[in-house]
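# Report on the structure
Listed below, chain by chain, are the residues.
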Amino acid sequence: MEATPISHTLRNGLKIAGLCWGDSSLPKLLACHGWLDNAATYERLAPRLAEKFQVVAMDFAGHGLSDHRPRGVRYHLLDNVDDVILFADALGWEKFHLMGHSMGAGISTYVTSCFPDRVESLALIEGVGTHSTPPEEAPKVLRKAVKDMERAPDIRKPVYKNLDAAVKARTSVVGVISAAAAEPLCRRGTVPADADHLDKGITWSSDPRLKMTSALRLTEPLVQAFVVNIKRPVVFIGGEQGFGSRMPAINERLAVIADLHQVFLPGNHHLHLEPDTCGAVADALLAFYDNQLGSGL
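A brief report on the enclosed structure follows.

Calculation notes
Residues numbered from 1 in each chain as written. Predicted model: local features only at pLDDT ≥ 70, side-chain atom pairs only at ≥ 80, totals over all residues. Heavy atoms only, no water. Buried < 20%, exposed > 50% of the residue type's maximum accessible area, 1.4 Å probe, protein only. Helix = DSSP H or I, 4+ residues; strand = E, 2+ residues; numbered from the N terminus. Pairing = 2+ DSSP bridges. Core = buried A, V, L, I, M, F, W, Y, C linked by side-chain atoms within 4.5 Å. Contact = heavy atoms within 4.5 Å. 1 Å grid on protein atoms, 1.4 Å probe; cavity = no way out; pocket = protein on both sides within 12 Å on 5 of 7 lines; lining within 4 Å. Points joined across faces, edges and corners; volume = space filled by probe spheres on them. Nonpolar A, V, L, I, M, F, W, Y, C, P; charged D, E, K, R; others polar.

This next bit is on the pairing of strand E3 (residues 28-32). Taken across its 5 residues, E3 has 5 buried, putting it largely inside the fold. Side-chain alternation along E3 places Lys28, Leu30 and Cys32 on one buried face and Leu29 and Ala31 on a second face that is also buried. Sheet analysis places E3 next to strand E5 (residues 96-101), joined by 4 bridges and oriented parallel. The partner of Leu29 across the bridge, within E5, is His97.

This is the structure:
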């Protein structure tokens, strides 16, 4: 099933792009991607889920084909909570199911906690909540963030000869991902390096400011305060070779979710996108929707 490209200009002025699968008459599922990824992370999973849902995957601000945040403005993770709700509003969705991978799982955690009147279920892939910082480290974190912003105007993005070269660079980043999984992300996440001379190569469409240190992170008690407030059915899918099964904080957060179904599957951090493992992820999600949410879908 081919995806339909979509975009909406939100009430905050940002253009948010996305991909859509499935019939508009079906229940709604909004999908959120990980850090430096984009909506194409659901290219293999969404067609399977479109058996039950109209699936829309959004590009967060600064990612994929969405607008970058204004010059001189930092990227705060919690600002994405606004954008998820505003994007759902733009789609005309009053109620919807929510799914997130990695950073997108963290953002989805907060959306579900704060808006139980809108989110009907939550699917988490390799993440719950976001990185936390002990209070005593806050001054050091803020200092580094200020220094990063000072250097922002001087950042130059790398240029690659072609898509294959960009895929090779993406697979060399810490956190195992195959070329087959990286290709959809790179295809959507690259643009001509020089709009007037296409033979000069390609570069990332993502905003370099995304790699800067956050000015302020939540403490672990604050993260858990959001998690414990989740009132909807939750499924957590972790890869046996991923990050989600090896981080103590994630296990502690999952322990406070009242209605939780956990599934651990063979696969890496991008098990939902890898050709060899995405089918098992789809089966686990469809079983969750059938067994936990009943036949009302």
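There is more to say after this.
With 39 residues, the main nonpolar core has Leu30, Met58, Val84, Phe96, Leu98 and Val111 as its most contacted residues. The element that contributes the greatest number of residues to this core is helix H2 (residues 79-91), accounting for 6 residues. For Leu98, the contacting residues outside a window of four places in its chain are Leu29, Leu30, Cys32, Val84, Ser108, Val111, Thr112, Val119, Ser121, Leu122 and Ala123. In terms of nonpolar packing, the next biggest core, distinct from the first, is built from 28 residues, Trp21, Tyr42, Val235 and Ala282 among them.

Here the focus is the environment of Ser214. Tracing the backbone shows Ser214 in the loop between strand E8 (202-204) and helix H7 (220-228). Separated by 45 residues in sequence, Ser214 and Asp259 place their C-alpha atoms 31 Å apart. Each residue touching Ser214, except ones within four places of it in the same chain, is listed here: Val141 and Ala145.

Let us now look at the layout of surface pockets. Quantified by volume, the second largest pocket comes out at close to 340 Å³. Along its surface, the second largest pocket is lined by His68, Arg71, Gly72, Met149, Ala152, Pro153, Ile155, Arg156, Lys157, Asp207, Pro208 and Arg209. Looking at the lining of the second largest pocket residue by residue, the classes come out as 5 nonpolar, 2 polar and 5 charged.

In this model, Leu36 sits at a positive phi of 65°, which is unusual for a non-glycine residue. Residue placement: Leu36 occurs in the loop between E3 and helix H1 (46-49). Positive phi values are uncommon outside glycine, yet Ser102 reaches one of about 55°. Here Ser102 is to be found in the loop between E5 and helix H3 (103-114).

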